[in-house]
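# Geometric and topological summary
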Amino acid sequence: MTQNLLKEIERGSKNALTKKRIITYYMYNRSSTIPDLSKELDLSVPTVTKFIMEMCDEGYIMSYGKQETSEGRPPTLYGLTSDSGYFIGVDIKKFSLNIGLMNFVGDFVDLKMGIPYETENSPEGLNKLCGYITDFINHANIDKEKILNIGVNISGRVNPELGYSFSLFNFEERPLAEIMTEKIGYKVTIDNDTRAMTYGEMVKGLVKGEKNIIFINLSWGLGAGLVINGDIFTGKSGFSGEFGHFNVFDNEILCHCGKRGCLETEVSGAALHRKLVQCVQDGKQSILSKRILHVDTSLTLDEIISATNKEDLLCIELVEEIGQKLGRYLAGLINLLNPELVIIGGVLAQTGDYILQPIKSAVRKYSLNLVNKDSVIALSKLLDKAGVIGACMLSRRSMFES
């Protein structure tokens, strides 16, 4: 059913494009009356009524009942039919996967967080990823033919329009999205992980009408999502937001990008992990000391976050140091972009005020007073779910807003 509409949209028929506009409207406005919809689309009420009735018959739109009113005959509210299509979002972390299933309306039907998966940049790693996604689909209690798109978050340089990833799983000349579509058997689109997290906060998180936003993804690496005049800024090829690769330190630490001295080498989960291990090996005490010195398996970032929130003094000290360094260079972005809202997200945001307060202090110290007064700095509302929510939402958007 929904697949037929997508084929019509691809052919570019006028009727299908109008239906696409109606679906897009309801994606952001859960329900509305026909007169309100006609004003938004600048079409006559009879024309909109005709389309709504057709789309009800086709199963895309349904009546949500009567609108409460104190005068006259109550009008009928219409909105999307929840089970007419489904979207999957995949958020790839350094040591795990989050996979979500969202219905046509935008509500989660299923969500699996923290699936063990160590990101391995190899053909075998890609096959394992596709296997996890396929297994998730096989266990989903829905009509599999109604899965319209799978959105996958990839770290680093990603061109979502062309489907290429240049930092991860870049083994062939063909687009990664095309390769994954073949392997999984459903349409796949890809986007940068920080951009997906930013979009998640925009549609279901902290954003309440702000148009100029900086989102900081402080996870294993460091990235930034930029919203300018209400739109996510991607840059020419989708490579915007590489905040972690500002070259600012003379530390000679080799970044995974191949260069030395990147901001990410001192401000990231990887830096926190490296510094904690080194401090413990140098004799400093932590509740993780035994874990670091006497256990063969790798210490995870989640364990460090947990220790910080249990008031481990060494972990708190290192997290605060990262917050101060981040705030100094974030102040430069604030001076440059003058945003209304700065959101601190990613795994390290789960340390709460331990990371937030040093960031705010450094921003006040290093940014222009008149500029930083315009910018509210706050922790992500969605926290660890921002990526998977954003992936699902971008997956849906790509089908009806492109």
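One can find the structure itself at the top, above this paragraph.
Reference entry: report on the structure contained in this document. Given the structure is predicted, the values throughout are model-derived calculations rather than measurements.

Per the counting criterion, the structure on display carries nine aromatic pairs. Judged by centre distance (5.5 Å) and plane angle (85°), the ring pair of F95 and W220 falls under edge-to-face. Of this pair, F95 sits in the loop between β3 (86-92) and β4 (96-103) while W220 sits in the loop between β10 (213-218) and β11 (222-228); the two residues are 125 residues apart in sequence, bridging distant segments of the chain. Judged by its relative accessible area of 29%, F95 falls in the partly exposed class. Where Y117 meets Y132, the ring centres are 5.9 Å apart and the plane angle is 85°; that geometry is what we call edge-to-face. Of this pair, Y117 sits in the loop between β5 (108-116) and α5 (123-138) while Y132 sits in helix α5, and the two are 15 residues apart along the sequence. Given a relative accessible area of 5%, Y117 falls into the buried group. In textbook terms, an aromatic cluster arises when at least three aromatic residues are bridged by ring pairs, as seen for Y164, F166 and F239. In this structure, R397 packs its charged tip against the face of Y199, placed 4.7 Å from the ring centre.

This paragraph deals with unusual backbone geometry. It is generally the case that most residues other than glycine have a negative phi and that most peptide bonds are trans. Even without glycine at this site, E311 takes up a positive phi of about 70°. A positive phi angle, near 50°, is found at L383, a position not held by glycine. Residue placement: L383 occurs in the loop between β14 (376-379) and α14 (386-400).

Moving on, we get to the sheet that holds β3. With mixed pairing, the five strands of this open sheet are ordered in space as β5-β4-β3-β6-β9. Either end of the sheet is taken by a strand with one partner, and the two such strands are β5 and β9 (188-192). Each strand of the sheet is rotated relative to its neighbour by a mean of 15°, with strand direction disregarded. Note that β4 and β5 share six bridges and pair antiparallel. Across the sheet, the residue bridging to S96 is P116, located in β5. On top of the sheet, α5 reaches β3, β4, β5 and β6 (147-154); it is set at about 35° to β4, its chief contact. Sitting on the sheet, helix α7 (residues 193-204) is in contact with β6 and β9, with an inclination near 90° to β9.

Helix length check: helix α4 (residues 45-58) (14 residues) gives 20 Å between terminal C-alpha atoms against 20 Å at 1.5 Å per residue, within 8%. Those residues of α4 that are buried are in contact with α2 (14-28), α3 (34-41), β1 (61-66) and β2 (76-80).

It is at 7 Å that the axes of helix α11 (residues 313-337) and helix α12 (residues 353-366) come closest, and there the two elements cross at 40°. In terms of orientation, α11 and α12 fall into the oblique class. Regarding α11 and α12, the two cross each other, and that crossing is right-handed.

Taken in spatial order, the five strands line up as β12-β11-β10-β13-β14 in an open sheet, and their pairing is mixed. On the outer flanks of this sheet lie β12 (231-232) and β14, each paired with one strand and no other. As paired elements, β10 and β11 share six bridges and run antiparallel to each other. The partner of I213 across the bridge, within β11, is V227. Packing against the sheet, α7 makes contact with β10, β11, β12 and β13 (341-345), and its axis sits at approximately 125° to β10. Along the sheet, α12 contacts β10, β13 and β14; its crossing angle with β14, the most-contacted strand, is approximately 165°.

About the thresholds
- Residues numbered from 1 in each chain as written.
- Predicted model: local features only at pLDDT ≥ 70, side-chain atom pairs only at ≥ 80, totals over all residues.
- Heavy atoms only, no water.
- Phe/Tyr/Trp six-rings, centres within 6.5 Å; stacked < 30°, edge-to-face > 60°.
- Helix = DSSP H or I, 4+ residues; strand = E, 2+ residues; numbered from the N terminus.
- Buried < 20%, exposed > 50% of the residue type's maximum accessible area, 1.4 Å probe, protein only.
- Lys NZ or Arg CZ within 6 Å of the ring centre and 35° of its normal.
- Pairing = 2+ DSSP bridges.
- Axes fitted to C-alpha atoms, helices over the stretch in contact; angles between N-to-C directions.
- Contact = heavy atoms within 4.5 Å.
- Expected span 1.5 Å × (residues − 1).
- Parallel < 35°, antiparallel > 145°, perpendicular 65-115°, else oblique.
- Left-handed = near helix turned anticlockwise from the far one by under 90°.

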